[in-house]
Amino acid sequence: MTAPFEGVGKLGFGAMRLPLTDPDDVTAIDIEQVKAMIDEFIAQGGTYVDTAFVYHNGHSEGALRQALVERYPREAFTVATKCLAWACPSKEEAQACLPTSLERLGVDYIDYYLLHNVGGPRTAKFDEYDMWNFVAQAKADGLIRYAGFSIHDGADVLDEILTAHPEMDFVQVQVNYLDWDDPVVQSRRLLEVAAKHGVPAIIMEPVRGGRLANLPERGAEVLRAANPEASQASWAYRFCLEQPNVLTVLAGASSLEQMQDNMRTFQTHKPFTAAEREAIDGAIAALRSVDLIPCTNCGYCVKDCPEGVKIPEIMGMLNLERTTEDRAFVKNQYSWQATGGRASQCIQCGTCEAMCPQSIGIIDHLVEAVEHYED
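None of the values given here were measured: they were computed from a predicted structure.

(A) Region of interest: the overall build of the protein chain. When you go through the protein chain residue by residue, the secondary structure sums to 17 helices and 8 strands. Whereas a compact globule of 375 residues would reach a radius of gyration of roughly 21 Å, the protein chain reaches 21 Å, a difference of no more than 12%. Considering only C-alpha atoms, the protein chain reaches an extent of 60 × 55 × 45 Å along its principal axes. Nonlocal contacts in the protein chain, meaning residues at least 24 apart in sequence, comprise 76% of its contacts between residues at least 6 apart. As displayed, the protein chain offers around 15900 Å² of accessible surface, 49% of which is attributable to carbon and sulfur atoms. The average position of the 31 basic charges and that of the 54 acidic charges among the side chains of the protein chain differ by 2 Å.

(B) Geometry of the environment of D25. Its place among the elements puts D25 in the loop between strand 1 (11-14) and helix 1 (31-43). C-alpha of D25 to C-alpha of N57: the two residues are 32 residues apart in sequence and 9.8 Å apart in space. For D25, the side chain forms a polar contact with the side chain of T27, separated by 2.7 Å.

(C) Representation of helix 14 (residues 311-324) in the model. With 14 residues, helix 14 extends 20 Å between its outermost C-alpha atoms, agreeing within 8% with the 20 Å of an ideal straight helix rising 1.5 Å per residue. Turning to helix 14, the residues buried within the fold contact helix 9 (217-226), helix 12 (274-287), helix 13 (300-303), helix 15 (327-337), helix 16 (351-355) and helix 17 (362-373). In the stretch just after helix 14, E325 is the one whose phi turns positive, near 60 degrees.

(D) Up close: the environment of N262. Counting through the fold element by element, N262 comes out in helix 11 (residues 256-268). A sequence separation of 150 residues divides N262 from Y112, and the C-alpha atoms of the two residues are 22 Å apart. Sequence-distant contacts of N262, defined by excluding residues within four places in its chain, comprise L11, Y237, A251, G252 and A253. Engagement of the side chain of N262 in a polar contact is seen with the backbone oxygen of G252, the distance being 3.3 Å.

(E) Geometry of the nonpolar core. Within the largest apolar cluster, 109 residues are counted, with the highest numbers of intra-cluster contacts made by F149 and Y177. For this core, the leading source of residues is helix 10 (residues 232-241), giving 7 residues. Those residues in contact with F149 that sit more than four places away from it in its chain are L114, L115, V118, W132, L158, I161, L162, M168, F170, V171 and Q172.

(F) Up close: the side chain of N117. Along the chain, N117 turns up in strand 4 (residues 110-118). Once residues within four sequence positions are removed from consideration, N117 is found in contact with L84, W86, R122, F126, S150, H152 and W336.

(G) Region of the structure containing the pattern of salt bridges. If you walk through the whole model with that rule in mind, you get 24 salt bridges. In this structure, R104 and E61 form a salt bridge, with 2.9 Å as the shortest nitrogen-oxygen distance. Highlighted residues: R104 in helix 4 (residues 97-105) and E61 in helix 2 (residues 60-69), separated in sequence by 43 residues. The class for R104 is partly exposed, based on a relative accessible area of 24%.

(H) Spotlight on the packing of helix 10 against helix 11. At a minimum axis distance of 10 Å, the contact between helix 10 and helix 11 shows a crossing angle of 40 degrees. One element, helix 10, and the other, helix 11, form an angle in the oblique class. Here helix 10 runs over helix 11; the crossing is right-handed. Between helix 10 and helix 11, the contacting residues are A233, S234, Y237, R238 and L241 on the first element and D261, N262 and T265 on the second. Across the contact of helix 10 with helix 11, the residue classes break down as 3 nonpolar, 3 polar and 2 charged.

Parameters at a glance
- Residues numbered from 1 in each chain as written.
- Predicted model: local features only at pLDDT ≥ 70, side-chain atom pairs only at ≥ 80, totals over all residues.
- Heavy atoms only, no water.
- Helix = DSSP H or I, 4+ residues; strand = E, 2+ residues; numbered from the N terminus.
- Rg over C-alpha atoms; globule rule 2.2 N^0.38 Å.
- Contact = heavy atoms within 4.5 Å.
- Areas by Shrake-Rupley, 256 points an atom, 1.4 Å probe, with all protein chains shown as cover.
- Lys, Arg positive; Asp, Glu negative; His and termini not counted.
- Charge placed at Lys NZ, Arg CZ, Asp CG, Glu CD.
- Polar contact = N/O pair within 3.5 Å; in protein donor to acceptor, adjacent residues only side chain to side chain.
- Expected span 1.5 Å × (residues − 1).
- Core = buried A, V, L, I, M, F, W, Y, C linked by side-chain atoms within 4.5 Å.
- Buried < 20%, exposed > 50% of the residue type's maximum accessible area, 1.4 Å probe, protein only.
- Salt bridge = Lys/Arg side-chain N within 4 Å of Asp/Glu carboxyl O.
- Axes fitted to C-alpha atoms, helices over the stretch in contact; angles between N-to-C directions.
- Parallel < 35°, antiparallel > 145°, perpendicular 65-115°, else oblique.
- Left-handed = near helix turned anticlockwise from the far one by under 90°.
- Nonpolar A, V, L, I, M, F, W, Y, C, P; charged D, E, K, R; others polar.

The quantities given are spatial measurements derived from coordinates; they are silent on function.
What follows is the structure in C-alpha cells.
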C-alpha cells in the first residue's frame, strides 16, 4: 500500500444508516447521538468517515458537518463521499454533485471522492458524463485528494474498469465472510483484482447490511460456542480487518452501543486462531446448509435472454434470503440491484433453462422472486 494512505484508521465509520429520531423518516437524523458516536470513533483512533451524496436522502453529509466537521480540526479526520452520476439526468447535474457535497460537508476539499456504484450498464453514464476526467481535474484543482470508485459487480468487470482507468487511486468493494466465495459477489476475487492492479481497497458491507450481526440461530450458535463473549459483528469485522491490501473497513453503526462495540473490535482485534477460523467456516456452512439454488454465475442464461433479465443476480438474492432468513433486507437490495432486468420482465420463453449447465428451474425461481420482491 502506498505511503500517502498511511495514517488512515483500519476501521472506518460508514454513515449510510445513522440513528433516527423518527424511524419512518430517513432524514430525521439524531444529531446528538451521531455526535456521541463521532466522539467515540475519534477517541478510539478512527479517522476515515464515509458518506455519499444520496445517503439519508441527501442529509447524511449535512449531519456529518454538524457532528464532525464543525467540532474537530480538519487534520483529525478524513472524509469520503460519492457521486451517483448514473442516477443524474444530465452531465451538468452529475458534475454539480461535488460542489454541493463540499458545501453540505462544510469542507474545502474531499479526501476520498468516489464515483458511486460503477459497473454494468451504469458505467456508460460515467463515460457519457465524462466523470473520469472530471474527477481527475478536481484532483488537480485540489478539490479532492484521492479519486476512486465503488462497485457492486463481479471481479472481471472490476478488472476491466481498473485496466481502462489506471489513474484511480483506490476502489471500494463488497467483502464479508458470507460473500467470500459467493459466485455472484466474488469478494475474494475482487480483492485479488485490486491487488493485481496495485490499488488499495476499501471494504464495504463487512456485516452484509447488518445481516451478519443478526444471524439465524443455526449460524449464531456456532460462533457463540467458539466465543460466547464476542458479538456477531466482531467476527465479521475481524475477518475483513486481516485481509491484505485493505485501506479501511467501513463499520456502519446506528447507535452509540454499536459504535462502542465496533471500536472495541478495532482496538483489540488479532488474527484468527485456527479454532476461530474453523468457527467461521462452520458458521458459513451452517448458514448455507439450507436448500440453495445451485447457480454458479456462469452467465450462459443471460446471453440470449430477450428481456435482459438479471438472472444470476436474482438467483443470488433468492439464496441470500434463504441464507439470512431476512426477506425485507433482500427486497431492499433487489429494488436497486435488479433495476433494468427485473424478474417480472421474464416472458417464460425457456431460453435460459435450455442453456443452464446446472439444469435450474429458472422460470419458477423468477416467479418466486416476483412474489417475494415485487409486490
